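Close look at the chain arrangement
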Amino acid sequence: MSVDPYEVIAAQRLLPVLRSGDAEEAVRLTVTLLAAGCRAVELTTSTPGWAGAVARTARLSDVRGRPAVIGVGTVTTAADAEAALDAGAAFLVSPYPAPEVREVAVRRGAAFLEGGCTPGEIAAAVRSSGAAKVFPAHVGGPAFIRSLRAVLPAALLVPTGGITPDDVPAWLAAGATAVGIGGGLPTDPDALAALFTKLAAPDPAGGPLPGAEPARRAGGVPDADVSVARAGRPGRPPGGVRSSRGYDVLVLGEVLVEIHADAPLRAAVDGTAARISFSGDALNAAAAAAAAGARTALLAVVGEDELSAPLLRRAAELGVDVSHVHRAPYPNGAYLLCADPDGGREFVYWRTRSAGSTLSAAHVASWRDLLTGARALITSGIAGALSATSREAVLAAARTVHGAGGHVTYDPNFRPRLTGRDEARSLLAALAPLTGLLKTSCPADALALVGTDDPRTAAARYRALGARAVAVTAGADRLLLDEGVRAAHHPVPVDPNPVDATGAGDCFTGTATARLALGDPLPRAVALGVAAASLSVSGRGGTGRVPAFAQTAALAATLPPPTPVPPTPRRPPLPPASSPPPSSPPAPRTGAAP
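Here's a quick rundown of the structure. (Residues numbered from 1 in each chain as written. Predicted model: local features only at pLDDT ≥ 70, side-chain atom pairs only at ≥ 80, totals over all residues. Heavy atoms only, no water.)

1. Let's talk about the overall build of the chain
A tally of regular secondary structure across the chain gives 22 helices and 23 strands. A buried classification covers 57% of the 594 residues belonging to the chain. Across the chain, every contact between residues at least 6 apart in sequence was considered, and the portion connecting residues at least 24 apart equals 70%. Within the structure as shown, the chain displays about 22,600 Å² of accessible surface, and the carbon and sulfur contribution to it stands at 58%. (Helix = DSSP H or I, 4+ residues; strand = E, 2+ residues; numbered from the N terminus. Buried < 20%, exposed > 50% of the residue type's maximum accessible area, 1.4 Å probe, protein only. Contact = heavy atoms within 4.5 Å. Areas by Shrake-Rupley, 256 points an atom, 1.4 Å probe, with all protein chains shown as cover.)

In structure tokens:
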């Protein structure tokens, strides 16, 4: 069942119209509105970079977990109409009659609030789609709406222009279906939420709202035909309207407060500068998946300290749905980081009794419907090592998604300070048979978990455990993809401006999984993941740079084709679990290697 923008606007009754100074401001304001209980928001073509803002906000959800309904206003040309729908807009709005926009809306089956000032212009818009924007509304006032309602009783009428929040009740009483407001909304989050709650309350008479009957799509396209009338990516309804199938990607794991020091940790002195950000392998991967075009949600537990709100706000700004995140009465985990472009990194973690470590099978049970409806799940050995309950949560989530026919990506991400080698091997053995793509590093993970520093042997041993495909990062310049029937080395481009490799592997995982969920073949998804990981090292910290998909795709297009590798003659036997630990320490990740 698709979302009907007309119905959402009619139920909300207040349509915010954002005329922002730039795209970043538009995204920030939209996130604030969604968190306050708003679901439908109108961005405008007067905002510089508006199409990018639409693409970033169209994949968000409101505070109740429902897909956001993002529209674009001040659309007066066919080119802008096409660009808006291509970016993910759920509806179009024009300030005056716009025949060429109407033609695009009809052809693509889009919801369209066509502007009109006179009764004739408004009636023409209603005949086309069942809806109209009355603009400029302050010229006629509520009395004009009352007169229009008498002759257009079933029309969806949205007066806009010169209306303040205090004026809204009078306009609704006069017969407006909803009211567009371009300014004057409360800046206090609680006051903003109270306003939407008040206006969206059921009609006191118990009857339908004026104009709340389902409107036709532009040109009278029946709702049942909308999914056929629009063209888009396979498996995803176009135009920003999401299917009931659920999320493309869910990411289960830990989010962390990141403190990035400006000096080596052992050289720190009183007054050493540092920068706060937000990271953790789950957030890093989720941000990359969202940037790659997947509708992505984070499944995690955060604390109740003062940093929880900015942490979740940052995740939402990155395009990740955080409406399903749980809270726990503990502090958020954190880590102190110093990194250099060559891959040398120093970390100090604070995880003991963190909110993230309380992740449990009970949380997974509350997410069961999300997991069974998702196309893909990303999780890691870090999430499974936080506590005994988090280990059970990782297993339960992977089994749920796998059992429902979804894809599972697993990164063992062995951390000896978090868990013992035997425990990590045991979790790997349980998860590998559920895994569609296992991403790992060599020699770091491979030596500890499968007893080899040879990428081909490591891939074969992971597949022997049951993983269907294995991606092995082996240094800064190559990645081995082993699908069993074939294997190949994928080239890794070198970022000319490296800053910090933190989170590059998570960026690979999120991007590759997102593209798999959206229908790309595995080699193509891996190539895109490699490109995204390379670009990500030009930012500081785990989410310092999350490349836009257009940038990722452009870089991937320049890469030479993978080099085939002869298949491994046989699956090398796994080393015994009690074998001694490797004598050589794991090599740090360097350069652009994911």
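2. Section: the sheet that holds strand E22 (residues 487-491)
Sheet strands pair by backbone hydrogen bonding; their relative direction is either parallel or antiparallel. Across the sheet, which stays open at both edges, the nine strands sit in the order E12-E9-E17-E18-E19-E20-E21-E22-E23 with mixed pairing between neighbours. Looking along the sheet, the strands with just one partner apiece sit at the ends: strand E12 (296-299) and strand E23 (563-565). When strand polarity is set aside, the average angle formed by the axes of neighbouring strands in this sheet is 20°. Summarising the sheet, strand E9 (residues 249-252) and E12 pair through four bridges and their orientation is parallel. If you follow Leu252 over to E12, its bridge partner there is Leu299. Along the sheet, helix H19 (residues 455-464) contacts strand E19 (437-441), strand E20 (470-473), strand E21 (478-482) and E23; its crossing angle with E21, the most-contacted strand, is approximately 35°. Each of E19, E21 and E22 is contacted by helix H21 (residues 522-536), which is oriented at about 160° to E21, the strand it contacts most. (Pairing = 2+ DSSP bridges. Axes fitted to C-alpha atoms, helices over the stretch in contact; angles between N-to-C directions.)

3. Things to note about the packing of helix H2 (residues 23-35) against helix H3 (residues 50-57)
Look at H2 against H3: their axes get within 8 Å of each other, and the N-to-C directions meet at 30°. The angle between the axes of H2 and H3 places the two elements in the roughly parallel class. In terms of crossing hand, the pair formed by H2 and H3 is right-handed. On H3, the residues touching Ala23, Glu24, Ala26, Val27 and Thr30 of H2 are Ala53, Arg56 and Thr57. (Parallel < 35°, antiparallel > 145°, perpendicular 65-115°, else oblique. Left-handed = near helix turned anticlockwise from the far one by under 90°.)

4. Considerations on the environment of Pro455
Secondary-structure assignment places Pro455 in helix H19. Among residues more than four places away in sequence, those in contact with Pro455 are Cys442, Val472, Ala474, Arg478 and Leu480.

5. Some details on helix H12 (residues 308-317)
Listed in full, the buried residues belonging to H12 are Ser308, Leu311, Leu312, Ala315 and Ala316. Taken around the axis of H12, the buried residues stretch over an arc of 135°, which confines them to a single face. Each element contacted by the buried residues of H12 is listed here: H2, strand E10 (256-261), strand E11 (274-279), helix H11 (281-291), strand E13 (301-302) and strand E14 (326-327). Gly319 sits one or two residues past H12 and shows a positive phi near 90°. (Arc of directions from axis to C-beta.)

6. Let's talk about the packing of helix H4 (residues 78-87) against helix H5 (residues 99-108)
At a minimum axis separation of 8 Å, H4 and H5 run at an interaxial angle of 35°. H5 is crossed by H4, and the crossing has right-handed handedness. Of the residues in H5, those touching H4 at Ala78, Ala81, Glu82, Leu85 and Asp86 are Glu100, Val101, Val104, Arg107 and Arg108. Grouping the constituent residues of the contact of H4 with H5 by class yields five nonpolar, no polar and five charged. (Nonpolar A, V, L, I, M, F, W, Y, C, P; charged D, E, K, R; others polar.)

7. Quick word on the environment of Asp190
Checked against the element boundaries, Asp190 lands in helix H9 (residues 189-199). Overall, Asp190 belongs to the exposed group, its relative accessible area being 62%. For the pair Asp190 and Ala36, spaced 154 residues apart in sequence, the C-alpha separation works out to 7.4 Å.

8. Some thoughts on the sheet that holds strand E3 (residues 69-73)
Read from one edge to the other, the open sheet built from eight strands follows the order E7-E6-E5-E4-E3-E2-E1-E8, with strand pairing classed as parallel. The two strands at the open ends of the sheet, each matched to only one other strand, are strand E7 (156-159) and strand E8 (179-181). Averaged over all adjacent pairs, the angle separating strand axes in this sheet is 25°, with direction ignored. Looking at chain direction, strand E4 (residues 91-93) and strand E5 (residues 111-116) are connected through three bridges and run parallel. Counted as the bridge partner of Phe91 is Ala111 from E5. Against the sheet, helix H1 (residues 5-12) engages strand E1 (14-18), strand E2 (40-44), E3, E4, E5, strand E6 (131-134) and E7, with an angle of about 60° to E5. Where H5 meets the sheet, its contacts fall on E4 and E5, and the angle it forms with E5 comes to roughly 165°.

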